[in-house]
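Here are the chains, one letter per residue:
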Amino acid sequence: MTTADQAGPAPADQALAATAAGAAPANYLTAQRGLLSWLFTLDHKRIGVMYLISVLTFFFIGGLLAVVLRLELMSAKPDLLSADTYNKLFTLHGAIMIFVFIIPSIPASLGNIFLPIMIGAKDVAFPRLNLLSYWIYLVGSVFLLYSILAGAMDTGWTFYTPYSTQTGTAVISATLGVFVLGFSSILTGINFIVTIHKLRAPGLTWMRLPLFLWATYATAIIQVLATPVLAITLLLLLAERVLGIGIFDPAMGGDPVLYQHFFWFYSHPAVYIMILPAFGIISEIIAVHSQKPIFGYRAIAYSSLAIALLSFLVWGHHMFVSGQSELAGMIFSFLTFTVAVPTAIKVFSWVATLYKGSIALTTAMLYALVFLFTFTIGGLTGIFLGSLTPDIHLHDTYFVVAHFHYVMMGGTVIAFLGGLHHWWPKFTGRMFSERWGRVGAALVFVGFNGTFFPKFLLGAQGMPRRYHSYDLVAPDQLPLFELLHRLSSFGSQLLTLGFLIMAGYLLHSLFYGQRAPANPWGGATLEWQTASPPPTSNFDDDPVCSRGPYDFRDDSQTATAAAS
């Protein structure tokens, strides 16, 4: 991998010396103490940790709402929630999971912590802007959560018009929250783009960038270019609702399909804001935990940029049944299939990297393997929804719910968990229990598939989504629907157990875990060349990059190769 040519003792040696002397080595966690030192820090690592705590908190809230929804659906008739409450809970579940958990989860937390270290910089290009992004994120999240106290909203996370302009629920506070959150995303994207362009260590060329950074870079481009469209759309929605200006509501001369065009022009690229950083994490995990140079480095790097470009051209496949022309439907269907090409390049490269690699079945690697399984199912089932004819049958059914969760949760969330385990020793300085990690990963795998695979069958049989009760949907299929819903609910409980076990052993490691060495997995990128946890300035000496990110040869092998 990439190496840091540094003068003086290695960071790991310094850390060991400090430990032997009875003192904890100075690092970004202990350099300053007190709540204010965290809330007003300019250190990208601390800001990343605050993002991480925030997104995990919202993941817990959103997940709790999902468990309640699954309990309601265990029987066909309503017996736990009223229809209105059900609508509000699934709307909040979707909005929280999308806007305050998944979108910022990887870029804002793991990206903030590791992007500067991986390029050998002391911080991001604009540290104050970085802190401002976090505070904007908190303000937007508070607005979104306030909607719960203000009566919640029942529109679904898409805020489709004209219903969202007519309902008496808290649409204004919720959309205002999402509007504010967009600014946080844009500022983070700008910061990352400038940081990668301007602050790379000497010798760290573009073709030596770790693939996580290529993915983060492509994500930042989408954040900067697509998010303003959502902001303008939500402003128009608020103007229509507050001022009575007819834009989307046909009763006032507006066009609801125009809203869908605007919304999906952002929201489909937003899918790649969520999944592209996950691709980057999987590249890191598979290469490091199989100790093999990544297969097709350039192809994976360029495919990230290709996906970012294509993501702006496929929004119309969400609107096949909206009345758009047949020609437009055919074009959007064709463009949707083209996205499969760069995505397939990545999957092929990961599998080829694993071939004959020295695979270590660590917890992080298990999550990477789970990702390959679940994301591939999510991607392949997207072919049905990207095709005009099958989509008419499957539109607005549980098949869409299953596909979406296999991509977003089976892809992004699983990769996020893999990255969390991959880099946990580095940014906490503590090792976690690998045995409990494997148990948790197994439960998450079984629970996830138990929760969402039955939904493919439900959707194929015509079970519509967003239904509070389904006893009258298809009486002849009621026993099958009820059985599949119960299987899904049992799976969600198993999935919850897996998450609780994970939370238990990770929290335990913070207090009782063994001190982590600088490079526990044998990684070659720059973050593994500094101490665990890193010092405030990331490196004791300015690093210089002299080889590629996945060159796992030791220094003696490198010297021999150079001499020959």
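Remember, predicted model here, so these are calculated numbers, not experimental data.

Conventions we followed
Residues numbered from 1 in each chain as written. Predicted model: local features only at pLDDT ≥ 70, side-chain atom pairs only at ≥ 80, totals over all residues. Heavy atoms only, no water. Helix = DSSP H or I, 4+ residues; strand = E, 2+ residues; numbered from the N terminus. Phe/Tyr/Trp six-rings, centres within 6.5 Å; stacked < 30°, edge-to-face > 60°. Buried < 20%, exposed > 50% of the residue type's maximum accessible area, 1.4 Å probe, protein only. Lys NZ or Arg CZ within 6 Å of the ring centre and 35° of its normal. Expected span 1.5 Å × (residues − 1). Bend = angle between axes of the 7 residues up to and from the residue. Polar contact = N/O pair within 3.5 Å; in protein donor to acceptor, adjacent residues only side chain to side chain. 1 Å grid on protein atoms, 1.4 Å probe; cavity = no way out; pocket = protein on both sides within 12 Å on 5 of 7 lines; lining within 4 Å. Points joined across faces, edges and corners; volume = space filled by probe spheres on them. Nonpolar A, V, L, I, M, F, W, Y, C, P; charged D, E, K, R; others polar.

Describing unusual backbone geometry
Consideration 1: The residue after Thr161, namely Pro162, is reached through a cis peptide bond having omega 5 degrees.
Consideration 2: With respect to the helices and strands, Pro162 occurs in the loop between α5 (127-149) and α6 (163-166).
Consideration 3: Cis geometry is found at the peptide bond from Ser532 to Pro533, where omega equals -10 degrees.
Consideration 4: The residue Gln291 is not glycine, and still its phi comes out positive at about 50 degrees.
Consideration 5: Structurally, Gln291 can be placed in the loop between α9 (256-289) and α10 (297-310).

Some words on the packing of aromatic side chains
Consideration 1: A complete count under the given rule lists 47 aromatic pairs for this structure.
Consideration 2: Taking 5.1 Å as the distance between ring centres and 85 degrees as the angle between the ring planes, the aromatic pair formed by Phe263 and Trp264 counts as edge-to-face.
Consideration 3: Judged by relative accessible area, Trp264 falls into the buried class, the value being 8%.
Consideration 4: Ring centres of Phe295 and Phe348 lie 5.9 Å apart, and the angle between their planes is 75 degrees; this geometry places the pair in the edge-to-face category. With a gap of 53 residues between them, Phe295 in the loop between α9 and α10 and Phe348 in helix α11 (residues 326-354) connect regions that are remote in the sequence.
Consideration 5: Overall, the relative accessible area of 54% leaves Phe348 in the exposed class.
Consideration 6: An aromatic cluster of three or more residues is present, and its members are Phe99, Trp157, Phe159, Tyr160, Phe248, Tyr259, Phe262, Phe263, Trp264 and Phe404.
Consideration 7: Cation over ring: Arg46 sits above Trp38, and NZ or CZ is 4.2 Å from the ring centre.

Some details on α9
Consideration 1: A rise of 1.5 Å per residue sets the reference length of α9, with its 34 residues, at 50 Å; its end C-alpha atoms lie 49 Å apart and thus fit the reference within 8%.
Consideration 2: At Trp264, α9 is bent by approximately 30 degrees, the largest bend along its length.
Consideration 3: The element α9 is extensively covered by neighbouring structure, given that 28 of its 34 residues are classed as buried.
Consideration 4: Where α9 starts, the residue carrying a side-chain oxygen 3.0 Å from the main-chain nitrogen of Val257 turns out to be Asp255.
Consideration 5: Phi for Gln291, located one or two positions after α9, is positive at around 50 degrees.

Concerning empty space enclosed by the protein
Consideration 1: Counted under the stated rule, the structure contains one cavity of 30 Å³ or more.
Consideration 2: Taken as a whole, the largest cavity spans an internal volume of roughly 170 Å³.
Consideration 3: Phe99, Ile103, Pro104, Leu181 and Ser185 are the residues nearest the centre of the largest cavity, which is lined by 17 residues in total.
Consideration 4: Counting residues per element, the ones that place at least two in the lining of the largest cavity are α4 (83-118), α7 (171-198) and α8 (211-243).
Consideration 5: Looking at the lining of the largest cavity, the element that brings in the most residues is α7, giving six residues.
Consideration 6: When its residues are assigned to classes, the lining of the largest cavity shows 11 nonpolar, six polar and no charged.

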